[in-house]
Amino acid sequence: MTVDDARGSPEGSEPDAGPAKRGLPLWQETVLLLVIAILLAIVLKVFLVQAFYIPSESMEPGLIKNDRILVEKPSYWFGGTPRRGDVIVFKDPGGWLGAEEAVGPTNPLVRVMAKIGLYPSGGHLVKRVIGVAGDTIHCCNAHGQLVVNGRPLSEPEVSRGGERCDGPEVDSCTTGWTVGPVPSGDLFVMGDNRAHSADSAYHLCHPRAVGCGSGPVFVPTSEVVGKVVMLMWPPGRAHLIHRPSGFAALTR
């Protein structure tokens, strides 16, 4: 054995680390990142949040047709249910969507992206919860307000189509209706654009609901996808969405 072997490497030199490990080729890294992004999108869509677009003018003035919204799902887990004033996304309970609205995206690539959560989904409805199980809703009092369980509902955020009435598609509040109690497991929902919304009130088939058909009046809570929490597009109007204060005054 030589002196150098006994003493180790000369001072200042580093031991040979062996051949350097090479990373993945760029194309493989790109594919890997894409797969990870898709998996994360699927997990988010299934368990946490999902993007949708507004299919009609029924939620104006707050939400306009083709706006992109973000819906969160955990609020209604573990026994949680929609509350009065929530804006919700739900599946068609039967005959509410027109043929064009029910189709959703038509481009094949967009349809695939929507399925995995990388593009806002269509084929759903967006309305506001007015009544929950046990509630009775009346249209309308002398001030044109909806009355829920005997309490007037203040809704400055709705569009009345030039009328003073918060009720649906009526020329005045003289054409009234009362519905309820809302069955267990169901919701009574209405669009904020009361003059142009095919919602629960519309499907009561009141005198001006021409062609309202035989669709159900109530929406099963089992058909609810989640609660709208944000308007995210267009960026200039992006904001969080909260329950209006007028609903806090309602009691059963």
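Residues numbered from 1 in each chain as written. Predicted model: local features only at pLDDT ≥ 70, side-chain atom pairs only at ≥ 80, totals over all residues. Heavy atoms only, no water.

A.B. asks: Can you lay out the nonpolar core for me, pointing to particular residues and giving the numbers?
C.D. replies: In this structure, I130, I137, L146, W177 and F188 are the most contacted members of the largest nonpolar core, which totals 18 residues. Only β5 (137-139), β6 (146-148), β8 (177-179) and β9 (186-190) provide two or more residues apiece to this core. In this structure, F52, M59, V87 and L231 belong to the second largest nonpolar core, which totals 13 residues. (Core = buried A, V, L, I, M, F, W, Y, C linked by side-chain atoms within 4.5 Å. Buried < 20%, exposed > 50% of the residue type's maximum accessible area, 1.4 Å probe, protein only. Helix = DSSP H or I, 4+ residues; strand = E, 2+ residues; numbered from the N terminus.)

A.B. asks: Quick one: what's the story with a nonpolar patch on the surface, residue by residue and with numbers?
C.D. replies: Where nonpolar side chains cluster on the molecular surface, the patch consists of L24, L32, L33, I36 and L40 and spans about 480 Å² of accessible area. Among the structural elements, L33 can be located in helix α2 (residues 26-47). (Patch = residues over 30% accessible without salt bridge, like charges linked within 9 Å, V, L, I, M, F, W, Y side chains within 5 Å. Areas by Shrake-Rupley, 256 points an atom, 1.4 Å probe, with all protein chains shown as cover. Salt bridge = Lys/Arg side-chain N within 4 Å of Asp/Glu carboxyl O.)

A.B. asks: If you had to explain the packing of aromatic side chains to someone new, which residues and values would you point to?
C.D. replies: One pair of aromatic rings is described through two measures. These are the centre distance and the angle between the planes. Scanning the model with the defined rule gives 4 aromatic pairs in all. Taken together, a centroid distance of 5.9 Å and an interplanar angle of 80° make the contact between F90 and W96 edge-to-face. Here W96 falls in the buried class, since its relative accessible area comes to 6%. Here the aromatic residues W177, F188 and F218 are joined through ring pairs into a cluster of three or more. (Phe/Tyr/Trp six-rings, centres within 6.5 Å; stacked < 30°, edge-to-face > 60°.)

A.B. asks: I'd like a description of unusual backbone geometry, backed by residues and values.
C.D. replies: Of note, the amide linkage connecting E60 to P61 takes the cis form, showing an omega dihedral of 10°. Looking at the secondary structure, you find P61 in the loop between β1 (49-53) and β2 (68-72). In this structure, the amide linkage connecting C139 to the following residue, C140, adopts the cis form with an omega of -5°. Tracing the backbone shows C140 in the loop between β5 and β6. Even without being glycine, F78 reaches a positive phi, approximately 55°. Among the structural elements, F78 can be located in the loop between β2 and β3 (87-91). Of note in the backbone geometry, N149 takes a positive phi value of approximately 55° without being a glycine.

A.B. asks: Explain the pattern of salt bridges to me, using residue names and the numbers behind them.
C.D. replies: The final tally for this structure, using the stated rule, is 6 salt bridges. A salt bridge links R237 to D67; the nearest nitrogen and oxygen atoms lie 2.9 Å apart. With R237 in the loop between β11 (224-233) and β12 (239-240) and D67 in the loop between β1 and β2, this pair connects stretches of sequence that are 170 residues apart. According to the relative accessible area criterion, R237 is partly exposed, its value standing at 28%. A salt bridge links K227 to E72; the nearest nitrogen and oxygen atoms lie 4.0 Å apart. Taken as a pair, K227 in strand β11 and E72 in strand β2 lie far apart in primary sequence, 155 residues in all. E72 shares its class with K227; the two are buried.

A.B. asks: Residue-level account of the sheet that holds β6, with values.
C.D. replies: Read from one edge to the other, the open sheet built from 4 strands follows the order β7-β6-β5-β8, with strand pairing classed as antiparallel. Two strands in the sheet have a free side with no partner beyond their single neighbour: β7 (151-152) and β8. Two strands pair when backbone bridges link them, and β5 and β6 are joined in this way by 3 bridges, in the antiparallel orientation. Paired with H138 across the strands is V147, a residue of β6. (Pairing = 2+ DSSP bridges.)

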